[in-house]
Amino acid sequence: MIPTYSLAERDRRWALARELMDAEQVDALVVYGEHESSGPAPFAPDVYFTNERPGAIVVFPRDADPISLVWSPMHVADHIEARRRGEACWTAPRDMRVAKHAPGVVEVLKEHGLERARVGVIGLEPYPPFHFNPIMPYGLWSSVLEQLPQATFKPVWLSFLLRTIAQSDEELAVLRHSAGIGEAMARAMLEEARPGVTEADVYAAGMAAGFRLGAAAPGMLIQSGPGYACWGPPAWSYRPQAPRVIEDGDVIMAEVFCTYGMRESQHQVAIAVGDVHPDVEEAAEVARASYEAGLKALRPGNTFGQVVEAMKQPMEAAGGWNVHPLVHGLDPYGTVCGFGSGMRNLPEAAEYGLIGEVPTIGSDLPLAPGMAFAFEPNCVINGRLANLGGTVVVGPDGAVELNSLTTTLLHSAR
């Protein structure tokens, strides 16, 4: 069964929006959605309220349904076709306008008598770990402020995060479906991995598996070699060079982003091709111990900070360090484990300018059932990284793992 959303889910979300307005003492919300082709970790709270194509600004007056300001007539054409097919459209035709710009926002607020009101805004605050700067375009927002000098605008992202981070049963069903597809992507990568193929071959195998199963896979992070301590998208995606050819003794590691219905699961693929360096094996054992420690700590009553500290202990006891977060929140993002301080251990680090550490964000957040996290414990031992993990949800009595294949170091059979 392919999970979908009911009108009851729509009504729950719209009621949540009005509850947020009451708590923040605002009369409307302006919700900025990043462009629809934004890649991994899109900032798309607009879709939370519309269930439509991403990339809109949603203006949600307290006494009316949300109004979607889209950037192109193509959105309208897609909406017409979806209505013809009987798909789950939450936005009425009268509430969709090709007006994703400052005059469009101002016009809607004026129509509802809100030119002197207090208005909550989602998009004026950071969205870690991918957006440490606010996502709202300066030019657009400065124009809105200029045209509505008597209105008061208040950032409300944190209130939105705290109300949406514990997901409903319908949302969790969608996330579980996404995690199942991500597992299939990882399996396809494992089957492809062998000496003689390229990183691009492994990448393509995973992406193809996700696409065939109806997921959006906006890209992945991938690296290969006998030992390294770095993490990011493939170099051949941004620098003109050939994808690396896989050799015997390599370890291939990737972070797979799998999205279905705007619920994102993450999967940390680690594949040993032949006999890898003992430091990689040790780092993988430490990462697995970190994963298990996180599972034990991820339960209602604990805080996110307690999960972070539990996951750090095996790594620190082994004398290792982490290249990227050990754990962060999902759907929406917001909480993130600190990372970056260990970079100073690399011999070449002294040649660079300031190497700043990203601090842990959201340590005091109490865990509650329905919260989803990307577990991605990673450890560097003597300059060699191992990374593993997947998507984990807080259940009523403890952690619920949504996938298992990528939670250990995998070994290529060919």
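Predicted model, so just to flag it, every value in this text is computed and none were measured. Per chain, the residues get numbers from 1 upward, laid out in the order the sequence is written. Reporting of local features is limited, given that this is a predicted model, to residues whose pLDDT is at least 70; pairs of side-chain atoms are given and counted only at 80 or more, and all residues count toward the totals for whole chains, interfaces and linings. As a convention, hydrogens and water are excluded, and side-chain values are obtained from all of the structure's heavy atoms.

1. Comments concerning the sheet that holds strand S8 (residues 251-260)
Whether parallel or antiparallel, the strands of a sheet pair through hydrogen bonds between backbone atoms.
Alright, step 1. Pairing within the open sheet is mixed, and its 4 strands lie in the order S7-S8-S9-S16. Of all the strands in the sheet, just strand S7 (220-225) and strand S16 (410-411) have a single pairing partner and so form its edges.
Alright, step 2. Pairing between S8 and strand S9 (residues 263-272): 10 bridges, direction antiparallel. When the sheet's bridge partners are listed, tyrosine 260 is paired in S9 with arginine 263.
Alright, step 3. We call two residues in contact whenever any of their non-hydrogen atoms come within 4.5 Å of each other. To obtain an axis, a line is fitted to C-alpha atoms, over the contacting stretch when the element is a helix, and the angle between two such axes runs from 0 to 180 degrees between their N-to-C directions. Runs of E in the DSSP output that reach at least two residues are strands. Runs of H or I that reach at least four are helices, and both are numbered from the N terminus. Sitting on the sheet, helix H7 (residues 169-192) touches S7, S8, S9 and S16, and the angle it makes with S9 is about 25°.
Alright, step 4. Against the sheet, helix H8 (residues 199-212) engages S7 and S8, with an angle of about 145° to S7. Pairing between strands is defined by DSSP: at least two bridges between them are needed.

2. Comments concerning the packing of aromatic side chains
Alright, step 1. Whether two aromatic rings pair depends on their centres lying within 6.5 Å, for rings of Phe, Tyr and Trp, where Trp uses its six-membered ring; planes under 30 degrees apart make the pair stacked, over 60 edge-to-face, and the rest tilted. For the coordinates displayed, the defined rule picks out 15 aromatic pairs.
Alright, step 2. Ring geometry for phenylalanine 43 against tyrosine 127: centres 5.0 Å apart, planes inclined by 75°, an arrangement best described as edge-to-face. With a gap of 84 residues between them, phenylalanine 43 in the loop between strand S1 (28-32) and helix H2 (45-50) and tyrosine 127 in the loop between strand S5 (118-122) and helix H5 (138-147) connect regions that are remote in the sequence. Of the two residues, phenylalanine 43 and tyrosine 127, both sit in the buried class.
Alright, step 3. Feature note: the residues Trp14, Phe43, Tyr48, Phe49, Phe60, Tyr127, Trp157, Phe160 and Tyr333 constitute an aromatic cluster, connected by ring pairs.
Alright, step 4. For arginine 10, the ring lying beneath its charged end belongs to tryptophan 14, and the centroid distance is 4.9 Å. The classification of residues rests on relative accessible area computed with a 1.4 Å probe and restricted to protein chains. Under 20% of the type maximum is buried, over 50% is exposed, and intermediate values are partly exposed. Geometrically, a charge over a ring is one whose NZ (Lys) or CZ (Arg) sits within 6 Å of the ring centre while staying within 35 degrees of the ring normal.

3. Comments concerning the nonpolar core
Alright, step 1. Residues Leu29, Leu109, Val144, Phe153, Phe373 and Phe375 are the most contacted members of the largest nonpolar core, which totals 103 residues.
Alright, step 2. In terms of residue count, helix H9 (residues 278-297) provides more of this core than any other element does, 9 residues in total.
Alright, step 3. Beyond its immediate chain neighbours, meaning those up to four positions away, phenylalanine 153 contacts Leu109, Val119, Val121, Trp141, Val144, Leu145 and Leu148.
Alright, step 4. Residues Ile181, Ala193, Ala217 and Ile222 belong to the second largest nonpolar core, which totals 27 residues. Put simply, a nonpolar core is a bunch of buried Ala, Val, Leu, Ile, Met, Phe, Trp, Tyr and Cys residues held in one set by side-chain atoms that sit within 4.5 Å of each other.

4. What about unusual backbone geometry?
Alright, step 1. Cis geometry is adopted by the peptide bond preceding proline 332, which originates at aspartate 331 and carries an omega value of 5°.
Alright, step 2. With respect to the helices, strands and loops of the structure, proline 332 is situated in the loop between strand S10 (327-330) and strand S11 (372-375).
Alright, step 3. Despite not being glycine, methionine 262 shows a phi value in the positive range, around 65°.
Alright, step 4. Following the sequence through the fold, methionine 262 ends up in the loop between S8 and S9.
Alright, step 5. Among the residues examined, methionine 262 registers a relative accessible area of 29% and is labelled partly exposed.
Alright, step 6. In this structure, aspartate 331 takes a positive phi of about 55° despite not being glycine.

5. Observations concerning the pattern of salt bridges
Alright, step 1. Definition used for salt bridges: Asp or Glu carboxyl oxygen within 4 Å of a side-chain nitrogen of Lys or Arg. A complete count under the given rule lists 21 salt bridges for this structure.
Alright, step 2. The salt bridge partner of arginine 194 is glutamate 192, with a shortest N-O separation of 3.8 Å.
Alright, step 3. One salt-bridge network, held together by shared partners, links Glu9, Arg12, Arg13, Glu171 and Arg263.

6. Here's the deal with helix H10 (residues 304-317)
Alright, step 1. A helix is expected to span 1.5 Å multiplied by its residue count minus one. The end-to-end C-alpha separation of H10 is 21 Å, in line with the 20 Å expected for 14 residues at 1.5 Å each.
Alright, step 2. Residues of H10 that are buried include every one of Phe304, Gly305, Val307, Val308, Ala310, Met311 and Met315, and no others.
Alright, step 3. Residues of H10 that are buried in the fold lie against H9, S10, S11 and strand S12 (378-381).
Alright, step 4. Positioned one or two residues after H10, glycine 319 has a phi angle of 75°, which is positive.

7. Considerations on the sheet that holds S11
Alright, step 1. Pairing is antiparallel across the open sheet formed by 4 strands, whose spatial order is S10-S11-S14-S15. Of all strands in the sheet, those with a lone pairing partner are S10 and strand S15 (399-401), marking the two edges. Each strand of the sheet is rotated relative to its neighbour by a mean of 35°, with strand direction disregarded.
Alright, step 2. Two strands pair when backbone bridges link them, and S10 and S11 are joined in this way by 4 bridges, in the antiparallel orientation. Looking across to S11, one finds that histidine 328 is bridged to alanine 374.
Alright, step 3. In the packing of H10 onto the sheet, contacts are made with S10 and S11, and the angle to S10 comes to roughly 145°.

8. Concerning the packing of helix H1 (residues 7-24) against helix H6 (residues 157-164)
Alright, step 1. H6 packs onto H1 with a crossing angle of 135° between their chain directions and a minimal axis gap of 10 Å. Our classification of the angle between H1 and H6 gives oblique. For H1 against H6, the interelement crossing comes out right-handed. Contacts from Leu16, Glu19, Leu20, Ala23 and Glu24 in H1 reach Ser159, Phe160, Arg163 and Thr164 in H6.
Alright, step 2. Looking at the contact of H1 with H6 residue by residue, the class counts come to 4 nonpolar, 2 polar and 3 charged. Note that the term roughly parallel is reserved for angles under 35 degrees, roughly antiparallel for angles over 145, roughly perpendicular for angles of 65 to 115, and oblique for everything else. Left-handed describes a crossing whose near helix is turned anticlockwise from the far helix by less than a right angle; the clockwise case is right-handed. The classification used treats Ala, Val, Leu, Ile, Met, Phe, Trp, Tyr, Cys and Pro as nonpolar, Asp, Glu, Lys and Arg as charged, and all other residues, Gly among them, as polar.

9. What to know about the pairing of strand S3 (residues 67-70)
Alright, step 1. Of the two faces of S3, the one carrying Ile67 and Leu69 and the one carrying Ser68 and Val70 are both buried.
Alright, step 2. Between strand S2 (residues 57-61) and S3, which pair antiparallel one after the other, the connecting turn spans 5 residues.
Alright, step 3. Sheet topology places S3 next to strand S4 (residues 96-98); 3 bridges connect them, and they run parallel. Each residue of the ladder has a partner; that of serine 68, found in S4, is methionine 96.
Alright, step 4. A crossover connection joins S3 to the parallel S4 through helix H3 (residues 73-84); in handedness this β-α-β unit is right-handed. Crossovers are described as right-handed under a simple rule: with the strands pointing away from the observer, the path leading from the first strand over the helix to the second runs clockwise.

10. So, the environment of serine 224
Alright, step 1. Tracing the backbone through its elements, the reader meets serine 224 in strand S7.
Alright, step 2. Looking at serine 224, the relative accessible area reads 4%, which means it is buried.
Alright, step 3. As a C-alpha pair, serine 224 and alanine 413 span 189 residues in sequence and 17 Å in three-dimensional space.
Alright, step 4. Setting aside chain neighbours within four positions, we find serine 224 in contact with Glu199, Arg244, Ile246, Val251 and Ile252.
Alright, step 5. In protein, a polar contact requires one atom able to donate a hydrogen and another able to accept it; more generally it is a pair of N or O atoms within 3.5 Å, and residues adjacent in sequence count only if both atoms are side-chain atoms. For serine 224, the side chain forms a polar contact with the side chain of glutamate 199, separated by 2.6 Å.
Alright, step 6. A polar side-chain atom of serine 224 sits 3.1 Å from a polar atom in the side chain of arginine 244.

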